[in-house]
Amino acid sequence: MTLRKATLEDFTELVLMYKDLIKTVYHNMKLSDDIFFYGAVIEWFKLNKDIIIAEHEGNIAGFTLAYVENLQIVEPYYFGDIAYVKPEYRKTRCAYLLYNNVVNFGKELGLKVEARAFVGNGNKNKVDKLQTRFGVQEFIHFRTEA
């Protein structure tokens, strides 16, 4: 498994992975049209966000999206906004390598790292096992069923 910076050649694959992630995270909500997924990924590139691809034997296994967040009301931090690993690579070191990369890059920048994690659909134990290697839980996000 290797990591590399995403290029425009990865664009379509990033859109597909992002849509798969959104389907999982918002499992009980209707998705918007594909144009909005394409638009979101275009914005990542336009804003020069850090998009890192994990590859295994030439195949894309997953990605992270991270960037410096400066809210002005607290010190800037490195925000690990998205981490996605394709289902067939979830029992590999892919997620660990991607998370570790975000944490290490944040350290190189001299910034604290914040990250999100989806804990729904029975995912909490998996997330706890991985994320607690890198930090401590600060928030829980709730959504109504209706």
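Here the structure is a predicted model, which is why all the values come from computation and not from measurement.

Residues Leu14, Tyr18, Val41, Trp44, Ile51, Phe63 and Ile82 are the most contacted members of the largest nonpolar core, which totals 20 residues. Every element with two or more residues in this core is listed here: helix H1 (11-25), helix H2 (34-46), strand E2 (50-56), strand E3 (59-69) and strand E4 (77-85). No other element matches H1, which puts eight residues into this core. Aside from chain neighbours lying at most four places away, what touches Leu14 is Ala6, Val41, Phe45, Ile51, Ile53 and Phe63. In terms of nonpolar packing, the next biggest core, distinct from the first, is built from seven residues, Ile52, Ala54, Val85 and Cys94 among them.

The next point concerns the packing of H1 against H2. Where H1 meets H2, the closest approach of the two axes is 9 Å, and the angle between their N-to-C directions is 120°. Between H1 and H2, the interaxial angle falls into the category oblique. As for how H1 packs across H2, the hand of that crossing is right-handed. Each of Phe11, Leu14, Val15, Tyr18, Lys19 and Ile22 in H1 lies in contact with H2, whose residues at this interface are Asp34, Phe37, Tyr38, Ala40, Val41, Ile42, Trp44 and Phe45. When its residues are assigned to classes, the contact of H1 with H2 shows 12 nonpolar, no polar and two charged.

When you line up the elements, Lys86 lands in the loop between E4 and helix H3 (94-108). If we ignore the near neighbours within four places in the chain, the residues touching Lys86 are Glu13, Met17, Ile60 and Ala61.

Counted residue by residue, E3 has eight buried out of 11 residues, so it is predominantly covered. One ladder, built from seven bridges, connects E2 with E3; its direction is antiparallel. Looking across to E3, one finds that Ile51 is bridged to Leu65. As paired elements, E3 and E4 share eight bridges and run antiparallel to each other. Following the sheet pairing, Glu69 is matched in E4 by Tyr77.

Criteria and cut-off values
- Sequence positions are assigned chain by chain, starting from 1 and proceeding in written order.
- The predicted nature of this model means local features are confined to residues of pLDDT at least 70 and side-chain atom pairs, given and counted, to a pLDDT of 80 or more, with totals for whole chains, interfaces and linings taken over all residues.
- Side-chain descriptors were evaluated using all non-hydrogen atoms of the structure, hydrogens and water having been removed beforehand.
- Here, nonpolar core means buried Ala, Val, Leu, Ile, Met, Phe, Trp, Tyr and Cys residues that are tied together by side-chain atoms lying within 4.5 Å of each other.
- For every residue, the accessible area (1.4 Å probe, protein chains only) is compared with the maximum for its type, and the residue is labelled buried under 20%, exposed over 50%, or partly exposed between those bounds.
- Here a strand is any run of E in DSSP of at least two residues, a helix any run of H or I of at least four, and the numbering for each starts at the N terminus.
- Note on contacts: a residue pair qualifies if any of its non-hydrogen atoms lie within 4.5 Å across the two residues.
- An axis is simply a line fitted to the C-alpha atoms; with a helix, the fit covers only the stretch in contact. Between two such axes, the angle follows the N-to-C directions and lies from 0 to 180 degrees.
- Orientation labels follow simple angle bins: below 35 degrees gives roughly parallel, above 145 gives roughly antiparallel, 65 to 115 gives roughly perpendicular, and whatever is left gives oblique.
- Left-handed describes a crossing whose near helix is turned anticlockwise from the far helix by less than a right angle; the clockwise case is right-handed.
- Just so you know the grouping, Ala, Val, Leu, Ile, Met, Phe, Trp, Tyr, Cys and Pro go in nonpolar, Asp, Glu, Lys and Arg go in charged, and all remaining residues, Gly too, go in polar.
- Any two strands with at least two DSSP bridges between them are considered paired.

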